[in-house]
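Commentary on secondary and tertiary structure
Take a look at the letters that make up each chain.
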Amino acid sequence: MPDSTRIEGPHPPSSILVTGAAGNLGREVVARLQAQGGHVRRLVRRQTPPRAGAESVVGDLTDPAVVREALAGIDAVFLIWPLLDSAPAHDVVAELTAAGPRVVYLSTTAIDDEAARQSDPIAQVHRDMEGLLHEAGLHPVVLRSDTLASNTRGWAPQLRAGDVVSGLDIARTAVVDERDVADAAVAVLLARHDRLDQGSHVLTGPEVLSRADQVAHLGAALRRPLRFQALPADLARSRMLADGRPEPLVDALIAASVRRPESNRITDHVERLTGRPAGTFAKWALDHVADFG
Ligand SMILES: NC(=O)c1ccc[n+]([C@@H]2O[C@H](COP(=O)([O-])OP(=O)(O)OC[C@H]3O[C@@H](n4cnc5c(N)ncnc54)[C@H](OP(=O)(O)O)[C@@H]3O)[C@@H](O)[C@H]2O)c1
């Protein structure tokens, strides 16, 4: 990944915009920025209960007028792109270029830098977003995150009904605690310009886990004999569609399941950015027992 940092003097950003602020990761980022006493603005798609001490702009991330309003007076942006298409990002990137904040973009470890086309649409859209941000001269700080532990919250309805989690299997990867990713994001969002780490940031957990491993860790935390049952792609597809998931997303998830290779890469980048090692999924499970009750 190219170096990605502008040097603009010593002062850290003081006014931060968080996109996806109601999401699993975004709300952790907001909470940490608020704890540090910074001025935080949340971009949320729908009106949510107000969060003391944080402003909110309500609207769609793909709407340039919303993004312009959200960027007014902002020094740094935590940017996610939760879509499967980067085309609407051109206008958003133009707004970012006009406003000129530090941009911290949350990407994925699934990107293969050697490949002309990525293995699946999710990796592809992040590759495209990184390219757009670099090409616009925004010098983004890119955080490539491994699979977030918080994704397993999606299993909660099944675990309330029984001891089996069934779904798409996916290649083993170094699942990372979203609280560690949030800590790393806050470290780069708030870093003094002259102290910003200019290396690439690849955020992983400390061990490579399958979905069956994650279910087993949840079972240990919940003290129940849980197991994972991998579903064939066609059955998983029809179930996800029946659950109301949009077809392009379902197809992207199937492509990731079928085509994404196993990743054995474990880095110390969480520790480099935050000063402490990444937490285990077993610890995440113990800390989130209530989410599955
Ligand atoms: N999850 C992973 O394993 C992983 C790994 C690497 C990178 N990432 C990246 O990290 C991002 C955040 O992950 P997450 O787990 O926190 O996702 P999440 O819990 O699904 O949160 C995404 C948030 O984005 C909001 N959103 C979606 N479309 C929007 C739009 N068009 N305009 C404005 N807001 C919109 C959603 O709003 P609503 O609450 O209204 O739905 C939601 O609050 C992902 O979108 C992905 O790009 C994720």
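Below you will find a few notes about this structure. As the structure is a computational prediction, the values presented were derived from the model and not from experiment.

In this section: the overall build of the chain. Summing up its helical and strand segments, the chain has 11 helices and 9 strands in all. Taken along the three principal axes of its C-alpha coordinates, the chain extends 55 × 40 × 35 Å. Accessible surface, the chain as shown: approximately 13300 Å² in total, 51% of it carbon and sulfur. For the chain, the distance from the average position of its 32 positive side-chain charges to the average position of its 38 negative side-chain charges is 5 Å.

Let us now look at the packing of helix α1 (residues 24-35) against helix α6 (residues 178-190). Where α1 meets α6, the closest approach of the two axes is 9 Å, and the angle between their N-to-C directions is 50°. Taken together, the axes of α1 and α6 lie oblique to each other. The interaxial crossing formed by α1 with α6 has right-handed handedness. Together, Asn24, Leu25, Glu28, Val29, Arg32 and Leu33 of α1 and Glu178, Arg179, Val181, Ala182, Asp183, Ala185, Val186, Leu189 and Leu190 of α6 make up the contact between the two elements.

Taken together, 21 residues are adjacent to the ligand, and Leu25, Arg45, Leu61, Leu148 and Asn151 come closest. Within the contact set of the ligand, an oxygen atom lies 3.2 Å away from a backbone nitrogen or oxygen of glycine 23. In the model, an oxygen atom of the ligand is placed 3.4 Å from a nitrogen or oxygen of the tryptophan 81 main chain. For the ligand, the accessible surface in isolation is 890 Å², of which the surrounding protein chains cover 78%. Put simply, the parts of the chain that give the shell around the ligand at least two residues each are α1 and β5 (102-108). Residue composition of the shell around the ligand, by class: 8 nonpolar, 9 polar and 4 charged.

Let us now look at helix α2 (residues 64-71). Every buried residue of α2 is listed here: Val66, Val67, Ala70 and Leu71. Buried residues along α2 cover an arc of 125° about the axis, so they all sit on one side. Looking at the buried residues of α2, the elements they touch are β1 (15-19), β2 (39-44), β3 (54-58), β4 (76-79) and α3 (89-99). Of the residues that open α2, the one with a side-chain oxygen 2.9 Å from the backbone nitrogen of alanine 65 is aspartate 63. Following α2 by one or two positions, glycine 73 has its phi on the positive side, about 75°.

A separate point is the pairing of β5. Burial analysis of β5 places 7 of its 7 residues in the buried class, which makes it a mostly covered element. Where burial is concerned, the two faces of β5 agree: the one with Arg102, Val104, Leu106 and Thr108 and the one with Val103, Tyr105 and Ser107 are both buried. As paired strands, β4 and β5 are joined by 4 bridges and run parallel to one another. Note that in β5 the partner of valine 77 across the bridge is valine 103. Read from β4 through α3 to β5, the crossover connection turns out right-handed. Running through helix α4 (residues 121-135), the crossover from β5 to the neighbouring parallel element strand β6 (residues 141-145) is right-handed.

The rules we used
- Residues numbered from 1 in each chain as written.
- Predicted model: local features only at pLDDT ≥ 70, side-chain atom pairs only at ≥ 80, totals over all residues.
- Heavy atoms only, no water.
- Helix = DSSP H or I, 4+ residues; strand = E, 2+ residues; numbered from the N terminus.
- Areas by Shrake-Rupley, 256 points an atom, 1.4 Å probe, with all protein chains shown as cover.
- Lys, Arg positive; Asp, Glu negative; His and termini not counted.
- Charge placed at Lys NZ, Arg CZ, Asp CG, Glu CD.
- Axes fitted to C-alpha atoms, helices over the stretch in contact; angles between N-to-C directions.
- Parallel < 35°, antiparallel > 145°, perpendicular 65-115°, else oblique.
- Left-handed = near helix turned anticlockwise from the far one by under 90°.
- Contact = heavy atoms within 4.5 Å.
- Near = heavy atom within 4 Å.
- Polar contact = N/O pair within 3.5 Å; in protein donor to acceptor, adjacent residues only side chain to side chain.
- Nonpolar A, V, L, I, M, F, W, Y, C, P; charged D, E, K, R; others polar.
- Buried < 20%, exposed > 50% of the residue type's maximum accessible area, 1.4 Å probe, protein only.
- Arc of directions from axis to C-beta.
- Pairing = 2+ DSSP bridges.
- Right-handed = clockwise from strand over helix to strand, strands pointing away.

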